[in-house]
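Coordinates in review
In case you want the letters, here they are:
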Amino acid sequence: SLSYVSGLRTFAAAVLWMRLEPMLHGFYDSVPLEQQRYVLSTVAAVQTLDPSLQQPFYIGAWILARNGRTDAALEMAERGVRENPAAGLLLTNLAEIQMDYADDVPGAVKTAARAVLDPNVVWLDFYEQHNAYPILGAIFRAGGRDDLDALVQDELLKMDAELGDQLHADAHDHDGDGTPAH
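Residues numbered from 1 in each chain as written. Predicted model: local features only at pLDDT ≥ 70, side-chain atom pairs only at ≥ 80, totals over all residues. Heavy atoms only, no water.

With that out of the way, let us pick up the pattern of salt bridges. Going through the model one piece at a time under the given rule, you end up with 3 salt bridges. Residue Arg141 is joined to Asp149 by a salt bridge in which the shortest nitrogen-to-oxygen separation is 2.9 Å. The partly exposed category is assigned to Arg141, whose relative accessible area is 27%. Judged by its relative accessible area of 10%, Asp149 is buried. (Salt bridge = Lys/Arg side-chain N within 4 Å of Asp/Glu carboxyl O. Buried < 20%, exposed > 50% of the residue type's maximum accessible area, 1.4 Å probe, protein only.)

Written as structure tokens, this is what we have:
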């Protein structure tokens, strides 16, 4: 039946990703991301088998972008958002690639605004959101949207109050100027 085949695809994707992901953060940790092109075929297989997995879109798009393949990186990031339209991580990923590699600040601001303003956007946890918001704030500042940056900064302060000492010390530098925001 179709559900059985779908379950096998999801299982195969999970097995592939679970074998690859620890190597990215362990064995290959000292290898710069742009040099990890050899994982792209596995990333593509995982995306095809289970497009609901977010990390393969995130990592694959960055590998492509850092290798000068901006169009392919944008395509992968956009596909990730199409497959996972409520994923805050993938919206942030797309916005950052639009700004940093495609030089599309208006597109980046639009995508970043969706990540912040859409009530349906979900984050894996507060830490993922807390890591993404300074990036989104920088995009808003670059696009002249101080109103949206102020919203992000306010949300970061609320998250800081809730997460407190659970955050890494560097996590309090919300505007990237090297000085903790509080």
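Before going further, it helps to examine the nonpolar core. By size, the foremost hydrophobic cluster in this structure holds 39 residues, and its most contacted members are Ile97, Tyr133, Leu136, Ile139 and Phe140. The greatest single-element share of this core, amounting to 7 residues, is contributed by helix 3 (residues 55–66). Those residues in contact with Tyr133, other than ones at most four positions away along the chain, are Ala115, Val116, Trp123, Val152, Glu155, Leu156 and Met159. (Core = buried A, V, L, I, M, F, W, Y, C linked by side-chain atoms within 4.5 Å. Helix = DSSP H or I, 4+ residues; strand = E, 2+ residues; numbered from the N terminus. Contact = heavy atoms within 4.5 Å.)

Of note, the phi angle at Asp103 is positive, near 55 degrees, even though the residue is not glycine. Position of Asp103 among the secondary structure elements: in the loop between helix 5 (88–100) and helix 6 (105–117).

Turning our eyes to something else, we now look at the packing of helix 5 against helix 6. Relative to each other, helix 5 and helix 6 sit at 165 degrees, their axes nearing to 8 Å. In terms of axis orientation, helix 5 runs roughly antiparallel to helix 6. Of the two elements, helix 5 crosses helix 6, and the hand of that crossing is left-handed. Mapping the contact onto sequence places Leu91, Thr92, Leu94, Ala95, Gln98 and Met99 in helix 5 and Val105, Gly107, Ala108, Thr111, Ala112, Arg114 and Ala115 in helix 6. (Axes fitted to C-alpha atoms, helices over the stretch in contact; angles between N-to-C directions. Parallel < 35°, antiparallel > 145°, perpendicular 65-115°, else oblique. Left-handed = near helix turned anticlockwise from the far one by under 90°.)

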